[in-house]
Amino acid sequence: MSGETLQVYFLGTAGALPTPTRTPPCIMIRRGSDTLLFDCGEGAQQQMMRARCGFAINAIFVTHWHADHFLGIFGLVQTMSFNGRTEPLTIYGPEWVHDFVRILRQVARFNLKFPMESVELGHGSWVRLDGYTVTAFSVSHGLPSLGYVLEEDPRPGRFDREGAIALGVPPGPLFGRLQRGETIMAGTGTDRHEVRPEQVMGVRRPGRKIVYTGDTRAIHTQILDIAHDADLLIHDATYDESEAARAAEFYHATAAQAGEAATALNARTLVLIHTSSRYTDPQAHVSDAKARFSGPILVPNDLEMIEVAFRD
Ligand SMILES: [Zn+2]
Ligand SMILES: [Zn+2]
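Presented here is an overview of the structure given in this document. (Residues numbered from 1 in each chain as written. Chains lettered and ligands numbered in written order. Predicted model: local features only at pLDDT ≥ 70, side-chain atom pairs only at ≥ 80, totals over all residues. Heavy atoms only, no water.)

Counting its regular elements, the protein contains 10 helices and 16 strands. Each principal axis of the C-alpha distribution contributes one length, and for the protein these read about 75 × 50 × 30 Å. The proportion of buried residues among the 312 residues of the protein is 51%. Contacts in the protein between residues far apart in sequence, at least 24 positions, make up 63% of those at least 6 positions apart. About 14,300 Å² of surface is accessible on the protein, with carbon and sulfur atoms providing 52% of the total. On the protein, the mean spot of the 29 positive side-chain charges and the mean spot of the 36 negative ones are 5 Å from each other. (Helix = DSSP H or I, 4+ residues; strand = E, 2+ residues; numbered from the N terminus. Buried < 20%, exposed > 50% of the residue type's maximum accessible area, 1.4 Å probe, protein only. Contact = heavy atoms within 4.5 Å. Areas by Shrake-Rupley, 256 points an atom, 1.4 Å probe, with all protein chains shown as cover. Lys, Arg positive; Asp, Glu negative; His and termini not counted. Charge placed at Lys NZ, Arg CZ, Asp CG, Glu CD.)

Here you go:
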């Protein structure tokens, strides 16, 4: 459906170490009745309580197996089981996801009341969901690591109401059939004729697109084909420009590199997360990124929510 709400909750925005005000990475995306988690750092379930968004998670997509991105799964799964969940839960991730889920089952001696599955993803592999797709892409983080693109299906073009009336289609149910792609019959008697949807429907319009890089060095040229034109680019911005050498050494990006990526990928809005705990005011990262990207730039606080709107 094209009219679904699309909300992004920044439940955790910290870098490798939590701070008194920032929790390790956890991004919840809600689209219509679907709820997905992208990473699930320590403390995620309490952040979900604070955000009052419930535990009805359909799937968890993990970017990589550094502890700040997955430790929250242990507690969350136990709470779900305690709450009587019976629906299956799928955990998607790069290489070692099967090992992770096996270990999770082994150490979780509690009686898990719902099935848990693991699905390994690689560069270009995708998961088809209801009206949208999540596609994985490889990033550069020194171990198997993925970023994710959530992209909605294209929407139908605009309906040319006046054009339809001029072709003899009366306003009413026939409009709906044309909008759904059916060829219909209009007019009466000798004037009875076919009207095809392409005569009255404009070109299909893109759906919304969110890109989450997870932890990575600057990689935008390698992902141009997969991550271009995002409405929201959520990018690693662990370091500021003075620590560019350290960023490269530890496979992270600077805020300026995130800005460069946003420009190269033609993103609409840039979100900087995973800022290192050494920065007491990560808002300073905004000026670094601004030098490379002219669109809106945000450094969300934990529990902030962004609603993604259509471009037109
Ligand atoms: Zn991390
Ligand atoms: Zn990492």
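Once you've had a look at it, read on.
Attention shifts here to the coordination of the zinc ion (ligand 1). Only Asp 68 (OD), His 69 (NE2), Asp 215 (OD) and His 274 (NE2) from the protein reach the zinc ion (ligand 1) as donors, at distances of 2.1 Å. Geometry at the zinc ion (ligand 1) is irregular, judged from its 4 donor atoms and the angles of 87 to 169 degrees they form at the metal. Read in sequence order, the donor residues for the zinc ion (ligand 1) give the motif D-H-x145-D-x58-H. (Donors = N, O, S within 2.8 Å, 3.2 Å for Na, K, Ca; no water. Tetrahedral: all angles 85-135°; square planar, octahedral: opposite > 155°, others 65-115°.)

The geometry of helix H2 (residues 72–82) relative to helix H3 (residues 97–107) is characterised by a closest axis approach of 11 Å and an angle of 55 degrees between their N-to-C directions. Overall, the two elements H2 and H3 adopt an arrangement that is oblique. As H2 runs across H3, the sense of the crossing is right-handed. Across from Ile 73, Phe 74 and Val 77 in H2, the residues of H3 making contact are Phe 100, Leu 104 and Val 107. (Axes fitted to C-alpha atoms, helices over the stretch in contact; angles between N-to-C directions. Parallel < 35°, antiparallel > 145°, perpendicular 65-115°, else oblique. Left-handed = near helix turned anticlockwise from the far one by under 90°.)

Another aspect to go through is the coordination of the zinc ion (ligand 2). Binding of the zinc ion (ligand 2) to the protein goes through His 64 (NE2), His 66 (ND1), His 141 (NE2) and Asp 215 (OD), at separations of 2.1 to 2.4 Å. For the zinc ion (ligand 2), the 4 donor atoms are set out with angles of 91 to 167 degrees between them, so the coordination reads as irregular. Counting the intervening residues between successive donors of the zinc ion (ligand 2) yields the motif H-x1-H-x74-H-x73-D. The metal-metal distance between the zinc ion (ligand 2) and the zinc ion (ligand 1) is 3.4 Å, with Asp 215 serving as a donor to both. For His 66, a relative accessible area of 32% gives the class partly exposed.

To summarise the sheet geometry, strands pair through backbone hydrogen bonds and adopt either a parallel or an antiparallel arrangement. The 7 strands lie next to each other as S6-S5-S4-S3-S2-S1-S16, forming an open sheet whose pairing is mixed. Each edge of the open sheet is held by one strand with a lone partner, namely strand S6 (116–120) and strand S16 (304–307). Averaged over neighbouring strand pairs, the angle between their axes works out to 20 degrees when direction is ignored. Across 3 bridges, strand S3 (residues 34–38) lies against strand S4 (residues 59–61) in parallel orientation. (Pairing = 2+ DSSP bridges.)

What follows covers the pairing of strand S7 (residues 126–129). In terms of strand pairing, S7 meets strand S8 (residues 132–138) through 4 bridges, oriented antiparallel. Its bridge partner being in S8, Trp 126 is matched across the sheet by Thr 135. The turn linking S7 back onto S8 is made up of 2 residues, and Gly 131 within it adopts a positive phi angle of 90 degrees.

Time to look at empty space enclosed by the protein. Scanning the model with the defined rule gives 1 cavity of 30 Å³ or more in all. There is about 30 Å³ of room inside the largest cavity. Taken together, Ile 29, Phe 38, Tyr 148, Val 149, Leu 150, Ile 210, Val 211 and Tyr 212 make up the full set of residues lining the largest cavity. For the lining of the largest cavity, the elements supplying multiple residues, two or more each, are strand S9 (146–152) and strand S12 (209–212). Residue composition of the lining of the largest cavity, by class: 8 nonpolar, no polar and no charged. (1 Å grid on protein atoms, 1.4 Å probe; cavity = no way out; pocket = protein on both sides within 12 Å on 5 of 7 lines; lining within 4 Å. Points joined across faces, edges and corners; volume = space filled by probe spheres on them. Nonpolar A, V, L, I, M, F, W, Y, C, P; charged D, E, K, R; others polar.)

The complete set of buried residues in helix H9 (residues 255–264) reads Ala 255, Ala 256, Ala 258, Gly 259, Ala 261 and Ala 262. Buried residues in H9 make contact with strand S13 (232–236), strand S14 (269–273) and helix H10 (284–290). Positive phi shows up at Asn 266, right after H9, with a value of about 55 degrees.

In this description, a pair of aromatic rings is defined by centroid distance and the angle of the planes. Tallying each qualifying case throughout the model produces 9 aromatic pairs. Note on Phe 61 and Tyr 92: the rings are 4.5 Å apart at their centroids and 10 degrees apart in plane angle, and the pair reads as stacked. Highlighted residues: Phe 61 in strand S4 and Tyr 92 in strand S5 (residues 89–93), separated in sequence by 31 residues. A relative accessible area of 0% places Phe 61 in the buried class. The class of Tyr 92 is buried, set by a relative accessible area of 11%. Geometrically, the ring pair formed by Phe 70 and Phe 100 is edge-to-face, given 5.2 Å between the ring centres and 65 degrees between the ring planes. Separated by 30 residues along the polypeptide, Phe 70 in the loop between S4 and H2 and Phe 100 in helix H3 bring together distant segments of the chain. By relative accessible area, Phe 100 is classed as buried at 8%. (Phe/Tyr/Trp six-rings, centres within 6.5 Å; stacked < 30°, edge-to-face > 60°.)

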